[in-house]
Structure formats: structure tokens, C-alpha cells
Amino acid sequence: MQPAVNKSLSALVYRVGAALSGLVFPPLCLVCGEPGTPGRDLCAACAAALPWLERACRGCALPLPATEPDGALCGACQGARSPLAAVHAALLYAAPADGLLRRFKFHGDLAAGRLLAQLMHARLAPVARPQALVPVPLHLSRLRRRGYDQALELARPLGRALQLPVLAGLHRTRATPPQSALDAAARRRNLRQAFAARGRLPAHVALVDDVMTTGTTVQAAARALRRAGVVRVDAWVCARVP
């Protein structure tokens, strides 16, 4: 059977399974507990309150003023050199998305992760399509403590929905302190040579991560991929801290 046919059948099985699951277990909103909308654990009111990122810089995904077109470069990115060709974020890190992300990342709420992946798909499906998705990995020691990799849990359903392969194209070469406790300069030092590429990778990939604050993590990961010969690296993140 041809690979394209295999992908189509897998996508069909996934959609049928999700539909049957929705019939047996009607969705409930993960934000407020009210009945969800068909196929999504989010009610209409909470969906209307989502902080979608409507207009953003293509270099760093920070919000742009209303006078600038979506995808323009902000002033900081105009004079900067980045290993990333484009950065896309589905949401701003604000309520109610921030609460869902904290539950997913720190409290093992994988249902929140599936919902966030659906929201990423809704927002990022129209952007330039890479050949593969590469989740930003955790170091093995942190993965053992947490029990799951949040970027991988976002990338898998996103890859299925977009019929894109999800590749373990990066690994952490060393354990590093959490980025959240560091300032911008310390974040850069902390992640220097912290990633290495592995395996055969296509020319165009998109890194997948949950939250982008300064961009240090995805830039460090992108540099490792570029050193390995990847021609174009984009970043797809669930939420951008404004």
C-alpha cells in the first residue's frame, strides 16, 4: 500500500475513533465544567474567551499594533539574525489558555493537552506546511520525573490532524535548570549546546513547543537542526507570553 494511502486511512480511523468516543463520553468543558461543543472539551462561552493571537510578528510571534499587517517583522526582529524562518503561536499566554497549559504541563492533565493541540490545529493549519514536526524534547532526567513530554503530546495529535510525520529529531545533551527561573541572558547561557540533532531530517521542519517566553529554547533547538543540515526551521508554539 502506498504511503499516501496509509496516511489517509490512519487519519480516517483517527476521526472515526474520536467521533465514537464523543458519542459515548459527551465532552465537558475543561475550563468551567459545562457541556462542551461537539468533538471539543470546551464550551462555547469559554471558546469565545480564548486569547487567539490575531496579529503577530513572524520572527518572534509577539503581538503587532493594529497598524501593522499580520506577519510583518517587529522592530527588534528587523535587525536580528535568527535560525528560525518563522514563528507561529496559536494563542497568547492569558486566561483561560494559561490555566489549561499549567494543568497540562505541571499536573499531568493530558486531556488539556489534547484540547490545546486541537486549538493549535485550528490556528496553524493555514500556515506554510513543513515536511515534518519535531517536538522540543525534555532531558531524560526530567522526562522520568514528569512521566511525559508535553511538546510530544502536542505534536502527536497535531501531526495526525495535518497528516505530517512527527520525528524525534532532537535530544537534550545535558540537563539544564528550568528556564522560568532565569533572566534572558542566563537563559541563553543555560541552553548553549544543550540540543543535538539525530536521525535523517527533511529540509523543512517545524519545532513544536507549549509556551514561548523569550524564544531562547526554540532558537537553541533550531540552531542544532540547522547545524545538522536542515534548510528551514519554523517554530509552532501553543502560546506566546506577551
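Residues numbered from 1 in each chain as written. Predicted model: local features only at pLDDT ≥ 70, side-chain atom pairs only at ≥ 80, totals over all residues. Heavy atoms only, no water.

Caption draft 1: Summary view of the side chain of D98. Residue placement: D98 occurs in helix α4 (residues 97-106). Relative accessible area serves as the criterion here: at 15%, D98 is assigned to the buried category. At a separation of 3.3 Å, a polar atom in the side chain of D98 contacts the main-chain amide nitrogen of A95. (Helix = DSSP H or I, 4+ residues; strand = E, 2+ residues; numbered from the N terminus. Buried < 20%, exposed > 50% of the residue type's maximum accessible area, 1.4 Å probe, protein only. Polar contact = N/O pair within 3.5 Å; in protein donor to acceptor, adjacent residues only side chain to side chain.)

Caption draft 2: Quick look at helix α5 (residues 110-124). Here α5 contains 15 residues, and its C-alpha end-to-end distance of 20 Å stays within 8% of the 21 Å for a straight helix at 1.5 Å per residue. Three or more residues of α5 are buried, namely A111, A112, G113, L115, L116, A117, L119, M120 and L124. The inward-facing, buried residues of α5 contact β1 (86-92), α4, α7 (150-162), β5 (204-212) and β6 (232-240). (Expected span 1.5 Å × (residues − 1). Contact = heavy atoms within 4.5 Å.)

Caption draft 3: Layout of the nonpolar core. Membership of the largest hydrophobic core comes to 33 residues, with the highest contact counts inside it found for L91, L116, M120, L133, L154, W236 and C238. Of all elements in the fold, only β1, α4, α5, α7, β5 and β6 reach the threshold of two or more residues within this core. Ranked by residues supplied to this core, first place goes to α5 with eight residues. Grouped together as the second largest cluster of nonpolar side chains are 26 residues, L84, V134, A194 and F195 included. (Core = buried A, V, L, I, M, F, W, Y, C linked by side-chain atoms within 4.5 Å.)

Caption draft 4: Fine view of unusual backbone geometry. Here the residue pair A95 and P96 is connected by a cis peptide bond, since its omega of -5° sits within 30 degrees of zero. By the element assignment, P96 lies in the loop between β1 and α4. In the Ramachandran plot, A61 falls in the positive-phi region, its phi being about 65° despite a non-glycine side chain. Looking at where A61 falls in the secondary structure, it is placed in the loop between α2 (44-48) and α3 (75-78). Its relative accessible area of 0% is what places A61 among the buried residues. In this model, Q163 sits at a positive phi of 55°, which is unusual for a non-glycine residue. Taking the relative accessible area as the measure of exposure, Q163 reaches 36% and is therefore partly exposed.

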